[in-house]
Amino acid sequence: KASEQAQKRGWHLYLVGGAVRDLLLADPDETLLLSDIDMVVDGFHRSADVGAGVELAKALQNTYPEARLEVHGQFQTAALLWHLDPVLDSLWVDIATARTEFYPYPAANPEVEASSIRQDLYRRDFTINALAVRLTSPRAGELLDFFGGLRDLRSRQIRVLHANSFIEDPTRIYRAVRFAVRLGFQLETQTERYIRYALDSGIYERSLIQNSKAPALQTRLKAELKYILQAPYWKGALKLLGDLEALKCLHSTLELDDQLWKQVRLLERCLRRFDPEKTLDHWQMRLEVLIAHLAPEYRPKVAKNLQLPDDSIKRLQQLDLDQANVAESLPACIHPSEITRVLKQYGLPTLILIAVQSQRPIRRLIWKYLTQYAHIQPPLNGNDLKALGYKPGREFKQMLDHLLAATLDGEIRDRADAESFLAK
Ligand code: ATP
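A few points on the structure. (Residues numbered from 1 in each chain as written. Predicted model: local features only at pLDDT ≥ 70, side-chain atom pairs only at ≥ 80, totals over all residues. Heavy atoms only, no water.)

A look at the sheet that holds strand β5 (residues 90-97)
Argument step 1. Spatial strand order, β3-β4-β5-β2-β1-β6-β7: 7 strands in an open sheet with mixed pairing. Edge positions in the open sheet fall to β3 (68-72) and β7 (143-144), since each of these has one partner strand only.
Argument step 2. Two strands pair when backbone bridges link them, and strand β1 (residues 12-16) and strand β2 (residues 36-42) are joined in this way by 5 bridges, in the antiparallel orientation. Across the sheet, the residue bridging to Tyr14 is Val40, located in β2.
Argument step 3. Packed onto the sheet, helix α2 (residues 18-25) meets β1, β2, β6 (132-134) and β7 and runs at close to 60° relative to β1. (Pairing = 2+ DSSP bridges. Helix = DSSP H or I, 4+ residues; strand = E, 2+ residues; numbered from the N terminus. Contact = heavy atoms within 4.5 Å. Axes fitted to C-alpha atoms, helices over the stretch in contact; angles between N-to-C directions.)

Okay, structure coming up:
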């Protein structure tokens, strides 16, 4: 339908980006579910046609009124969103207008068409993402491969399109790693050199990444980090980011050393054990462990730059004090009730962050608290106390605390024990 609408208007329409890559990589015997489709419309000759992408999306929405239309930027791009069934999730179709302002030639000239889509593809990140399939005739179905994307798909290489690509946009380092690990591709040698060069150049220290005045870049960097850290292949991707020393993009002092790896592994054990229902954002906890590896004074700034939620920023800001308190108080605790008194003031994410960074004796006590003590309840609760004639108030609260402490320490095992404890 999209190509019919484009054809009718004398435009050219292309399928571009990830959909072309994934179609070419797909096993022909398997059904490929695309949830994100990018198209580019091109080949127009009147300035009014600058909004071609939007016009096309609107025309499609008339045909598919169930789709939601969104217009982005300076009327150059539009997206249609279908909410399909819960299994298939949703389908995004982005329709962009190819940039043609540098090509003021008559559209009848095929060179113009070619140079305009070529230019659009040249702005992209890697050769495998810079392929297009023409959807309009003549030559509908033809693959446009200006930069050797097909060769790189075959030889499984992530190759950047130009030398200063990573200097221009550091999120591409994270994208390169993501695609390499997800697809099982190699970073092409020269591309890896460009990445290392960009990182070594120190540009990020001066650049906008660590500067809160660059929200757009930070938003994209956070999106890439989230994408990586919540993917099934996150460990391999993190390893590659560490090998490339690309965590420098978050903070110039951040390195994936052995200690941090150990903490990442401990985090996974904690998340599996204490949050099997995934009530926490696991990707965000991974990121918090990375940030917590920084010196305390840098943690809140990096968390803010990455636009983490307020509770997460606060947690990282407080972590230093909380760690010190736990390290100082816990070794003196003998009874479970004392351990509980120290630890119960902290939420699960803070306890996990403290545990992964602590020495084994402290970690064991936190583990014990989370696996056992935190779940223990006294045999009498507030309602039972009321039924026994006690009036709610400060003393009432203290009685409950004493009941809990005695239960934790094994002095109370059942209701009868609790009642005689109260009588004393
Ligand atoms: P995925 O399946 O992971 O979504 P994708 O290739 O569709 O992969 P998107 O992030 O949706 O990835 O981007 C769509 C296309 O836009 C890419 O294929 C690429 O051509 C281009 N692109 C995205 N981000 C960048 C970037 N930072 N620099 C250059 N081109 C980019």
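What about the packing of helix α15 (residues 310-329) against helix α17 (residues 348-357)?
Argument step 1. One way to put it is that α15 packs onto α17 with a least axis distance of 10 Å and a crossing angle of 60°. As the angle between them shows, α15 and α17 are arranged oblique. Crossing handedness for the pair α15 and α17: right-handed. Taken together, the residues of α17 that come into contact with α15 (itself represented by Arg315, Leu316, Leu319, Asp322, Gln323 and Val326) are Pro349, Thr350, Leu353, Ile354 and Gln357.
Argument step 2. Looking at the contact of α15 with α17, its residues break down into 6 nonpolar, 3 polar and 2 charged. (Parallel < 35°, antiparallel > 145°, perpendicular 65-115°, else oblique. Left-handed = near helix turned anticlockwise from the far one by under 90°. Nonpolar A, V, L, I, M, F, W, Y, C, P; charged D, E, K, R; others polar.)

Some details on the environment of His335
Argument step 1. On the secondary structure map, His335 appears in the loop between α15 and α16 (336-343).
Argument step 2. Residue His335 is classed as partly exposed on the basis of its relative accessible area, which comes to 41%.
Argument step 3. Each C-alpha atom, one on His335 and one on Ala405, is 9.1 Å from the other, the two residues being 70 residues apart in sequence. (Buried < 20%, exposed > 50% of the residue type's maximum accessible area, 1.4 Å probe, protein only.)

Notes on the pattern of salt bridges
Argument step 1. Under the definition given, this model contains 26 salt bridges.
Argument step 2. With a shortest N-O distance of 2.9 Å, Arg178 and Glu224 are connected by a salt bridge. Of this pair, Arg178 sits in helix α7 (residues 171-183) while Glu224 is found in helix α10 (residues 215-229), placing the two residues 46 residues apart along the sequence.
Argument step 3. Looking at Arg178, the relative accessible area reads 3%, which means it is buried.
Argument step 4. Exposure remark for Glu224: the relative accessible area of 8% places this residue in the buried category.
Argument step 5. Counted as one network, the salt bridges with shared partners bring together Asp125, Arg175, Arg178 and Glu224. (Salt bridge = Lys/Arg side-chain N within 4 Å of Asp/Glu carboxyl O.)

Some words on the site of the ligand
Argument step 1. The environment of the ligand is made up of 18 residues, and the closest members are Asp169, Arg172, Arg178, Arg182 and Tyr227.
Argument step 2. Side-chain polar atom of Arg124 to an oxygen atom of the ligand: 3.2 Å apart, as the coordinates give it.
Argument step 3. One of the side-chain nitrogen or oxygen atoms of Tyr227 is found 2.8 Å away from an oxygen atom of the ligand.
Argument step 4. Considering the ligand on its own, with 590 Å² of exposed area, one finds that the protein chains cover 79% of that surface.
Argument step 5. Of all the secondary structure elements, the ones that give two or more residues to the shell around the ligand are α2, β2, α7 and α10.
Argument step 6. Per-element tally for the shell around the ligand: the top contributor is α7, with 6 residues. (Near = heavy atom within 4 Å. Polar contact = N/O pair within 3.5 Å; in protein donor to acceptor, adjacent residues only side chain to side chain. Areas by Shrake-Rupley, 256 points an atom, 1.4 Å probe, with all protein chains shown as cover.)

A closer look at unusual backbone geometry
Argument step 1. Of the consecutive residues Ser137 and Pro138, the connecting peptide bond is found in the cis state with omega at 0°.
Argument step 2. Within the secondary structure layout, Pro138 lies in the loop between β6 and β7.
Argument step 3. A positive phi angle, near 60°, is found at Glu245, a position not held by glycine.
Argument step 4. Looking at the secondary structure, you find Glu245 in the loop between α11 (234-243) and α12 (258-274).
Argument step 5. Positioned with a positive phi, Lys278 is a non-glycine residue whose angle comes to about 60°.
Argument step 6. Take Lys278: it is sitting in the loop between α12 and α13 (282-292).

With respect to a positive patch on the surface
Argument step 1. Taken together, the side chains of Lys235, Lys262, Arg265, Arg269, Arg272, Arg360 and Arg364 make up a positively charged region of the molecular surface.
Argument step 2. Contributing elements (two or more residues each) for the positive patch: α12 and α18 (360-371).
Argument step 3. Ranked by the residues each element gives to the positive patch, the list is headed by α12, at 4 residues.
Argument step 4. Mapped onto the elements, Arg364 comes out in helix α18.
Argument step 5. Look at Arg364 and you get exposed, because its relative accessible area is 55%. (Patch = residues over 30% accessible without salt bridge, like charges linked within 9 Å, V, L, I, M, F, W, Y side chains within 5 Å. Lys, Arg positive; Asp, Glu negative; His and termini not counted. Charge placed at Lys NZ, Arg CZ, Asp CG, Glu CD.)

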